[in-house]
Amino acid sequence: MPPLVQRYIKTSFVFLLTGLGLGGYIIVAQFVVGAYPARPLITAHVHLLLVGFMLMIVMGVATWMFPRPAREETRYRPELVEAVYWLMTLSTALRATAEVLLGLVGAPRLGWLVAAGGLGQLAAAVLFVLNMWWRV
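Let me sum up the structure you'll find in this document. (Residues numbered from 1 in each chain as written. Predicted model: local features only at pLDDT ≥ 70, side-chain atom pairs only at ≥ 80, totals over all residues. Heavy atoms only, no water.)

Counted by the stated rule, this structure contains 2 aromatic pairs. Judged by centre distance (5.2 Å) and plane angle (75°), the rings of Y8 and Y85 are edge-to-face. With Y8 in helix α1 (residues 3-33) and Y85 in helix α3 (residues 78-105), the pair connects residues that are 77 residues apart, well separated along the chain. Its relative accessible area of 0% is what places Y8 among the buried residues. Aromatic side chains Y85 and W86 sit 5.1 Å apart centroid to centroid with 80° between the ring planes, which places their arrangement in the edge-to-face category. The partly exposed category is assigned to W86, whose relative accessible area is 41%. One aromatic cluster in this structure is built from Y8, Y85 and W86. The ring of Y85 carries R7 above its face, with NZ or CZ at 4.9 Å from the centroid. (Phe/Tyr/Trp six-rings, centres within 6.5 Å; stacked < 30°, edge-to-face > 60°. Helix = DSSP H or I, 4+ residues; strand = E, 2+ residues; numbered from the N terminus. Buried < 20%, exposed > 50% of the residue type's maximum accessible area, 1.4 Å probe, protein only. Lys NZ or Arg CZ within 6 Å of the ring centre and 35° of its normal.)

That's the geometry; what it means functionally is another story.
Take a look at the structure:
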């Protein structure tokens, strides 16, 4: 397994554990303490699991398992896979961190960081699809 694919998959595991940890906090807050958690905590939990874990592991496995492009295929860019990794990882971490802080301290100005993280996730997903299109 190539090192970049390992990084995608291991990073997805980190997001899985982080998302599950946040989910544990949410469950305890709601059902033990009796305080329903702020909505940004719920969205951070969902994005850590769906984008951070599921999408990142799919991207890593797809990069590893999809057929290699033909030699004459010049539209596929292997270096873009690395850029997508960093953009998706940093954007997901930024978004989740900003949402958790927004949920805990309620600073509305953090909304810009949530939006920046979400747009980064969107950009990474679009770049991934455009690049991998030529391997299908």
